[in-house]
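Now for the letters of each chain:
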Amino acid sequence: MNRMVPLAILALAILAFATLMLVIAPAIQIRSEAPTPGLKPYTAQQLRGRTQYVAQGCIYCHSQQPRSIDQAPDAERGWGRASVASDYAYDRPHLLGTMRTGPDLFNVGARLPSRGWHLTHLYQPRAIFGWSIMPAYPYLFERKEHAEPGDVVIILPADRAPKKGVIVAKREALDLVAYLQSLDHTFPAPTRAVRDDGYAEKGEPR
Amino acid sequence: MESFEPYEEFKPIPLPVLIIAVALALWGVFTLLDNGKAVTVGRAERSDQIADQHANRQNGAELFVSRCATCHQPNGSGVEGAIPPLASSPFLKASPEVAMHILLNGIDGPIRVGDATFEGHMPSFASVLSDADIVRLVTHVRGTFADRHDLLTEGDVATARLLAGRRGAWQGGQEIAARLDASLGPQPPMSSATQAAIDPIAQKLVSQGNGQTWACASCHGMRGQGSASVPRLAGLPAAYIAKQLGDYVTGKRRNETMQLVARTLKPQDMRRIGDYYSVMRAPSNARASLGGDLVRGERLVLDGDWARGLPSCVSCHGPSTFGVAPSFPALSAQHPEYTAAQLTAWVSGTRDNSTGRLMNGIAARLNDADRRAVADYLATLPPVPAPATRGRTNGK
């Protein structure tokens, strides 16, 4: 092969340029962002729940990145305002997700604040939405004859309740729900925050 | 035998290829610049929107028209027997703090203005007007209707606001005269009959649930304020709430979660819960969040749009959209996500329960932008001054 050296240099230069523009420059841009005012760090329990969220594969069906209103009606669906980089300050790594088989969850704590509802839904989504295709996570719960002090008994419609005894949440389920309840980014985004402005044009709603 | 490796002789790149490459590069630079413009536009609009939300753009006269005139009338004459006049009112002639405290707390109970006694509810504007708005509004109404021009500062409002949350509404003119300004003259006393007792059964249902379903408060909040897609219930008419719960059971109104909840309630529970929420008074926690045009929203709510056959919303939902019991719900201080979702639900048919199908046609005539405008504007209105009274320690 001829001109090995120039070819190799050119290929490396292109790679270096791409790394600069797609990795290094954004990292510099984002590193100086302070957390959005109003954003709280996770508690220990919420962090354990976050680990469950990753381990159970929730991210394969749920995104955490609401879009601006000129891209999709996410705000009207109750999914919240378009997220900005500083909303993810305490997420390492972020759980943006790529699929929306189910609804975006970035503000699920604001639109569904009930712990009891989430426990029922995780135990059996079809107890609430007959048409749901979300998997059930029964192994995050256990059946007991009687609830002991401190147990969280979950509420089930008569046709889903066990014949005998009660269903109580294991710690994993409680952690996961604590994490879901913490997903509330309804505070306003700073005007100068790093975000995707799409093809914003004057006079269009955002 | 060694094979001969072919090679090309050096030839310059053909001109068309060069031109295409340069054109592509220019296009890239142009797109970058254009995208940069989008960022600037986006930022500018967001700061405008924030300014809008703080209503910094409205001067005192505009604030009066949009916030007060539906009740007190554009010329401040009030409505005989229902709403006191502002024109020549002693409450405006008194020190500016009186008007400020009235705006921050609202008034319940009897109050004497001129020669007439009124017994209505003046809403609290604390959760929807900024300190600067209140200064401009007070300056405007006192200057226009009482010819008084001494000034209030934003600092005064900020200090008073800290106390306003704890105090609740003024209990009639007598308390205002006693606490703020003795020059208001004799005022009628507060009758104790307005003290509503809390129904302990309803309270238990709401805060702890009935064992078969989740507690209402776990979603709708301890004070019935709701959030995002969960509606505010505080201050809705009792009969309206009971009707909605019934409609979830029959399926005239569809929502999987609320249908499950409602099926566990007995009809008398529904009425109890309706009574319980209808007298609940809570500050607004709603915020315009759909990027709707608030000016357009205000026009639609107050005047409608006859070119499109849209009646004004206040013609049915009452002044300031505080609702008209028993059938017309309050819309003010409702979360815009929820309001927009309902307007969509009437079009799609998941909600088909309004009396005489009144809302179906109205919702169908609102386009996307108008729906967002209306929903956002309604979120900026003050909450219903429900007949609740403060310091309710009776019951539990």
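Residues numbered from 1 in each chain as written. Chains lettered and ligands numbered in written order. Predicted model: local features only at pLDDT ≥ 70, side-chain atom pairs only at ≥ 80, totals over all residues. Heavy atoms only, no water.

Asker: Any chance you could break down empty space enclosed by the protein for me, citing the residues and the numbers?
Answerer: Residue and element names in this part refer to chain B. Tallied over the full model, the rule gives three cavities of 30 Å³ or more. Forming the boundary of the largest cavity are Ser66, Arg67, Thr70, Phe125, Val301, Leu302, Val314, Ser320, Tyr377, Leu381 and Pro382. Among the elements of the structure, helix 2 (60–67) and helix 14 (294–303) are those that each provide at least two residues to the lining of the largest cavity. Here the residues of the lining of the largest cavity are counted per class, giving seven nonpolar, three polar and one charged. Structurally, the lining of the largest cavity is a two-domain feature, drawing no fewer than three residues from each of domain 1 (60–190) and domain 2 (191–396). (1 Å grid on protein atoms, 1.4 Å probe; cavity = no way out; pocket = protein on both sides within 12 Å on 5 of 7 lines; lining within 4 Å. Points joined across faces, edges and corners; volume = space filled by probe spheres on them. Helix = DSSP H or I, 4+ residues; strand = E, 2+ residues; numbered from the N terminus. Nonpolar A, V, L, I, M, F, W, Y, C, P; charged D, E, K, R; others polar. Domains from an automatic or database assignment.)

Asker: With reference to specific residues and values, describe the UniProt feature "domain: Cytochrome c" (unreviewed entry) in chain B.
Answerer: All names here are of chain B. In the numbering used here, UniProt assigns the "domain: Cytochrome c" (unreviewed entry) feature to residues 55–145, 204–281 and 292–382. End C-alpha atoms of residues 204–281 are separated by 18 Å, and the span's content is 55% helix alongside 0% strand. When the span residues 292–382 is considered, its composition is 51% helix and 0% strand, and the gap between its end C-alpha atoms is 18 Å. (UniProt positions renumbered as here; feature names shortened; annotations may be inferred.)

Asker: Got a sec to walk through the packing of aromatic side chains? Specific residues and values, please.
Answerer: Residues and elements named next belong to chain A. Taken as a whole and assessed by the stated rule, the structure comprises nine aromatic pairs over all chains. When the ring of Tyr53 is compared with that of Tyr179, the centres are 5.4 Å apart and the planes differ by 65°; the resulting orientation is edge-to-face. A residue pair is termed long-range when its members are at least 10 positions apart, and Tyr53 in helix 2 (residues 44–55) and Tyr179 in helix 5 (residues 171–182) qualify at 126 residues. Side by side, Tyr53 and Tyr179 carry an identical accessibility label, which is buried. A centroid spacing of 5.3 Å and a plane angle of 80° characterise the contact between Tyr123 and Phe141, whose relative ring orientation is edge-to-face. Remark: Phe141 occurs in strand 1 (residues 141–144) and Tyr123 occurs in helix 4 (residues 115–123); sequence separation between them is 18 residues. Taken together through their ring pairs, the aromatic side chains of Tyr42, Tyr53 and Tyr179 make up a single cluster. Looking at Arg77, its charged tip hangs above the ring of Trp79, at a distance of 4.7 Å from the centre. (Phe/Tyr/Trp six-rings, centres within 6.5 Å; stacked < 30°, edge-to-face > 60°. Buried < 20%, exposed > 50% of the residue type's maximum accessible area, 1.4 Å probe, protein only. Lys NZ or Arg CZ within 6 Å of the ring centre and 35° of its normal.)

Asker: Give a description of the interface of chain A and chain B that names residues and reports values.
Answerer: Listed as interface residues are 39 residues of chain A and, on the opposing side, 37 residues of chain B. Here chain A meets chain B over a buried area of about 3100 Å², counting both sides, of which 51% is carbon and sulfur. For the interface between chain A and chain B, the tally reads two salt bridges. For Glu76(A), the salt bridge is made with Arg371(B), and the minimal N-O distance between the two is 2.9 Å. On the surface where chain A and chain B come into contact, there are nine residue pairs in polar contact (both at pLDDT 80 or more). Where the side of chain A that touches chain B is concerned, the elements lending two or more residues are helix 3 (108–111) and helix 4 of chain A. Considering every element that reaches the side of chain A that touches chain B, the biggest residue donor is helix 4 of chain A, with three residues. (Contact = heavy atoms within 4.5 Å. Buried area = accessible area lost by both parts, 1.4 Å probe. Salt bridge = Lys/Arg side-chain N within 4 Å of Asp/Glu carboxyl O. Polar contact = N/O pair within 3.5 Å; in protein donor to acceptor, adjacent residues only side chain to side chain.)

Asker: Before we move on, could you go through the nonpolar core and cite the residues and values that matter?
Answerer: In terms of nonpolar packing, the biggest core is built from 59 residues, with Tyr53(A), Leu119(A), Phe141(A) and Tyr277(B) touching the most fellow members. Here this core gets six residues from one element, more than from any other, and that element is helix 5 of chain A. Setting aside its immediate chain neighbours within four residues, Tyr53(A) contacts Cys58(A), Ile59(A), His62(A), Gln64(A), Leu95(A), Leu105(A), Leu176(A), Tyr179(A) and Leu180(A). The next biggest cluster of nonpolar side chains, apart from the first, holds 38 residues, and it includes Phe64(B), Val98(B), Met100(B) and Phe145(B). (Core = buried A, V, L, I, M, F, W, Y, C linked by side-chain atoms within 4.5 Å.)

Asker: Tell me about the packing of helix 6 (residues 131–146) of chain B against helix 7 (residues 154–167) of chain B, and please be specific about residues and values.
Answerer: All names here are of chain B. Two numbers describe how helix 6 lies on helix 7: the axes approach to 9 Å, and their chain directions differ by 115°. For helix 6 against helix 7, the interelement crossing comes out right-handed. From helix 6, Asp131, Ala132, Ile134 and Val135 reach across to helix 7, where they touch Glu154, Val157, Ala158 and Arg161. For the contact of helix 6 with helix 7, the class distribution of residues is five nonpolar, no polar and three charged. (Axes fitted to C-alpha atoms, helices over the stretch in contact; angles between N-to-C directions. Left-handed = near helix turned anticlockwise from the far one by under 90°.)

Asker: Hey, could you go over the side chain of Asp104(A) for me, with residue numbers and the actual values?
Answerer: With respect to the helices and strands, Asp104(A) occurs in the loop between helix 2 and helix 3. Side-chain polar atoms of Asp104(A) contact the backbone nitrogen of Phe106(A), separated by 2.9 Å.

Asker: Give a detailed account of the domain arrangement of chain B, specifying residues and quantitative values.
Answerer: All names here are of chain B. For chain B, the domain assignment lists domain 1 (60–190) and domain 2 (191–396). In this structure, domain 1 and domain 2 have C-alpha centres spaced 27 Å apart. Contacts between the two partners involve 20 residues from domain 1, matched on the other side by 21 residues from domain 2. Summing the contributions of domain 1 and of domain 2, the shared interface buries around 1500 Å²; its carbon and sulfur component is 52%. Across the domain 1-domain 2 interface, the total number found is one salt bridge. The interface formed by domain 1 and domain 2 includes three residue pairs in polar contact (both at pLDDT 80 or more). Classifying every residue of the side of domain 1 that touches domain 2 gives nine nonpolar, six polar and five charged.

Asker: Requested: an account of the UniProt feature "transmembrane region" (unreviewed entry) in chain B, with residues and values cited.
Answerer: Per the UniProt record, "transmembrane region" (unreviewed entry) is annotated on residues 13–33 of chain B. The distance from the first to the last C-alpha atom of residues 13–33 of chain B is 29 Å, and the span holds 90% helix and 0% strand.

Asker: Break down helix 18 (residues 368–379) of chain B for me, citing the residues and quoting the values.
Answerer: Since the α-helix packs 3.6 residues into each turn, any two residues three or four apart lie on the same face. All names here are of chain B. Its 12 residues place the ends of helix 18 17 Å apart at the C-alpha level, agreeing with the 16 Å of an ideal helix rising 1.5 Å per residue. With 10 of 12 residues buried, helix 18 lies mostly within the body of the structure. Taken residue by residue, helix 18 has Asp370, Arg371, Arg372, Ala373, Val374, Ala375, Asp376, Tyr377, Leu378 and Ala379 as its buried positions. The inward-facing, buried residues of helix 18 contact helix 2, helix 14 and helix 16 (336–348). (Expected span 1.5 Å × (residues − 1).)

Asker: Report on the domain arrangement of chain A, specifying residues and quantitative values.
Answerer: Considered domain by domain, chain A is made up of domain 1 (1–32) and domain 2 (40–193). Once you take the C-alpha centre of each, domain 1 of chain A and domain 2 of chain A turn out to be 39 Å apart.

Asker: Could you give me a rundown of helix 5 (residues 96–105) of chain B, with the residues and numbers involved?
Answerer: Residue and element names in this part refer to chain B. Extensive coverage of helix 5 is indicated by the burial of nine of its 10 residues. Three or more residues of helix 5 are buried, namely Pro96, Val98, Ala99, Met100, His101, Ile102, Leu103, Leu104 and Asn105. Summarising the contacts, the buried residues of helix 5 are in contact with helix 4 (90–93), strand 1 (107–108), helix 6, helix 7, strand 4 (170–171) and helix 8 (172–179). At the exit of helix 5 stands Gly106, carrying a positive phi of roughly 75°.

Asker: Let's hear about the environment of Val177(A): which residues, and what values?
Answerer: Residues and elements named next belong to chain A. With respect to the helices and strands, Val177 occurs in helix 5. Taking the C-alpha atoms as reference points, Val177 and Gly109, 68 residues apart in sequence, are found 9.3 Å from one another. Dropping the residues within four chain positions of it, Val177 is found in contact with Arg115, His118, Leu119 and Leu122.

Asker: Tell me about the pairing of strand 3 (residues 116–119) of chain B, and name the residues and values.
Answerer: Residue and element names in this part refer to chain B. Relative to strand 3, strand 2 (residues 110–113) runs antiparallel, the two being bridged by four bridges. If you follow Ile111 over to strand 3, its bridge partner there is Phe118. In sequence, strand 2 turns back onto strand 3 through a hairpin of two residues, with Gly114 there showing a positive phi of about 65°. (Pairing = 2+ DSSP bridges.)

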